[in-house]
Amino acid sequence: MPTKLIAKLSQETKHVVVFTGAGVSAESGIPTFRDALTGLWERFEPAQLATAEAFREDPNLCWGWYEWRRRKVLQTQPNEAHLAIAELAKHAPKLTVVTQNVDDLHERAGSKGVIHLHGSLHSPRCIDCGNAHEAPLPSVELSEDGGRLEPPRCNAFNGYIRPGVVWFGEVLPEAPWSAGIAAAESCDLLFSIGTSGLVYPAAEIPLRALGAGATVVHVNPVRFEISSQEYFIHGPATALQMLIKVAFG
Ligand code: OAD
């Protein structure tokens, strides 16, 4: 672990941002999107499942797939990386978690005020009127990769209920996006953990932090190019646990 980084984390930092992607939940058993062989987008066509057009075209296929993912998340537990991030909040003067993930594992690990840029699997709403669907979702049996399932209907206008996630081609919800950018531009240290950094505008978060003069630290088992102002911790998301231990004892 770079000693300069440990000193910065333990002595100088006032506001830490932790920006996370699918890699943080990988060790809980939730597949990432773009990892070779295991990534969701290796097995499924995003255009068929993760757009509003796809949902309107074949709501049962789309809803069945998201229900399969939501239930998979419910069966998993936060891993050491989620717990380490929640633990970091006890040491840093201020900590903001900004995630692209649509699971609730940061919250279940104890992180507060998590900013979800891409929405949540756990907040379905009507595709027509946008009303939140509060009723429990029916627990119909699903095959291993999902299968077709008709979405519930909205009580107000009878429209189909859609997953509460951001799809390709959709604008990110304004409030989390503004809060994420504000945190990135006001922090002095940002950890970018378990993300390929390929999906914009979310991928702008570390760049905004860097542009505003923060130290940016990437944690990833797959190495990629970084600038001379950034750090790279080559390893799984759980490597953060070691860094916290060294910095805070
Ligand atoms: P990706 O699947 O694009 O990237 C996952 C990243 O996690 C890769 O860089 C992996 O190397 C890394 N990784 C894998 N295992 C890891 C581990 N154990 N610890 C740490 N890192 C690990 O996922 P995201 O970057 O999150 O958007 O994808 C961004 C967005 O693309 C998602 O939010 C989703 C997707 O399409 C929407 O659904 C709108």
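Now for a description of the structure that goes with this document. Only a predicted model underlies this, so the values are computations on that prediction, with no experimental measurement involved. (Residues numbered from 1 in each chain as written. Predicted model: local features only at pLDDT ≥ 70, side-chain atom pairs only at ≥ 80, totals over all residues. Heavy atoms only, no water.)

## Regarding a nonpolar patch on the surface
Heads up, the rule is: Each patch is assembled from residues with relative accessible area greater than 30% and no salt bridge, linking like charges that lie within 9 Å and nonpolar side chains (Val, Leu, Ile, Met, Phe, Trp, Tyr) that lie within 5 Å. Computed with the Shrake-Rupley method and a 1.4 Å probe, the accessible areas treat only the protein chains shown as cover for residues. By definition, a salt bridge exists where a carboxyl oxygen of Asp or Glu is found within 4 Å of a side-chain nitrogen of Lys or Arg. Per the convention used, a helix needs a DSSP run of H or I reaching at least four residues, while a strand needs a run of E reaching at least two, with both numbered from the N terminus. Working definition: with a 1.4 Å probe on protein chains only, accessible area under 20% of the residue-type maximum means buried, over 50% means exposed, and in between means partly exposed.
Taken together, the side chains of Met1, Met242 and Val246 present a nonpolar region at the surface, about 280 Å² in accessible area. Along the chain, Met1 falls in the segment before α1 (3-12). By relative accessible area, which is 43% here, Met1 ends up partly exposed.

## Overview of the site of the ligand
The condition is simple: Distances are taken per atom, and a residue is near a molecule or strand as soon as one of its heavy atoms is within 4 Å of it. Whenever two N or O atoms come within 3.5 Å, that pair is a polar contact, provided that in protein one can donate a hydrogen and the other can accept it, and provided that, for residues adjacent in sequence, both atoms are side-chain atoms. Three classes are used: nonpolar for Ala, Val, Leu, Ile, Met, Phe, Trp, Tyr, Cys and Pro, charged for Asp, Glu, Lys and Arg, and polar for all others, with Gly counted as polar.
The environment of the ligand is formed by 23 residues, the closest being Phe33, Arg34, Thr195, Ser196 and Asn220. The contact in question runs from a nitrogen atom of the ligand to an N or O atom on the backbone of Gly23, over 3.3 Å. Here Asn220 contributes a side-chain N or O atom positioned 2.7 Å from an oxygen atom of the ligand. Protein coverage of the free-state accessible area of the ligand, which is 800 Å², stands at 92%. Among the residues forming the shell around the ligand, the class breakdown is eleven nonpolar, nine polar and three charged.

## Quick word on the packing of aromatic side chains
For clarity, the threshold we go by: Between rings of Phe, Tyr and Trp, where Trp is taken as its six-membered ring, a pair exists when centres lie within 6.5 Å; planes separated by under 30 degrees are stacked, by over 60 edge-to-face, and by other angles tilted. Two conditions define a charge sitting above a ring: the NZ of Lys or the CZ of Arg must be within 6 Å of the ring centre, and it must be within 35 degrees of the ring normal.
This structure, assessed with the given rule, holds eleven aromatic pairs. Judged by centre distance (6.5 Å) and plane angle (90°), the ring pair of Phe55 and Tyr160 falls under edge-to-face. A residue pair is termed long-range when its members are at least 10 positions apart, and Phe55 in helix α5 (residues 52-57) and Tyr160 in the loop between β4 (119-126) and β5 (161-165) qualify at 105 residues. As far as burial versus exposure is concerned, Phe55 and Tyr160 are alike and both buried. Ring geometry for Trp65 and Tyr66: centres 5.0 Å apart, planes at 85°, overall edge-to-face. Note on Trp65: relative accessible area 2%, which makes it buried. Among the aromatic residues, those joined into a cluster by ring pairs are Phe33, Trp41, Phe44, Phe55, Trp65, Tyr66, Trp68, Tyr160, Trp167 and Phe168. One Lys or Arg, Arg153, reaches over the ring of Tyr160 and ends 4.0 Å from the middle of that ring. A cation sits over an aromatic face here: Arg162 above Trp167, 3.8 Å from the ring centre.

## Some points on the side chain of Ser111
Put simply, the test is: The contact definition used throughout considers only heavy atoms, calling two residues in contact when any of these lie within 4.5 Å.
Within the fold, Ser111 resides in the loop between α8 (105-109) and β3 (115-116). Accessibility expressed as a relative area gives 9% for Ser111, which makes it buried. Excluding residues within four positions of it along the chain, Ser111 makes contact with Ile85, Ala86, Val97 and His106.

## Quick notes on the packing of α1 against helix α11 (residues 239-248)
Where we set the bar: Axis definition: a line fit to C-alpha positions, over the contact stretch in the case of helices; interaxial angles, taken between N-to-C directions, run 0 to 180 degrees. Convention used here: angles under 35 degrees read as roughly parallel, angles over 145 as roughly antiparallel, angles from 65 to 115 as roughly perpendicular, and any remaining angle as oblique. Handedness of a crossing is defined here by the sense of rotation of the near helix relative to the far one, left-handed for an anticlockwise turn of less than a right angle and right-handed for a clockwise turn.
With their axes 9 Å apart at the nearest point, α1 and α11 run at an angle of 70° to one another. Regarding the angle of α1 to α11, the classification is roughly perpendicular. In this structure, the crossing between α1 and α11 has a hand that is right-handed. Contacts between α1 and α11 involve Leu5, Ile6, Leu9 and Ser10 from the first element and Leu243, Val246, Ala247 and Phe248 from the second. Among the residues forming the contact of α1 with α11, the class breakdown is seven nonpolar, one polar and no charged.

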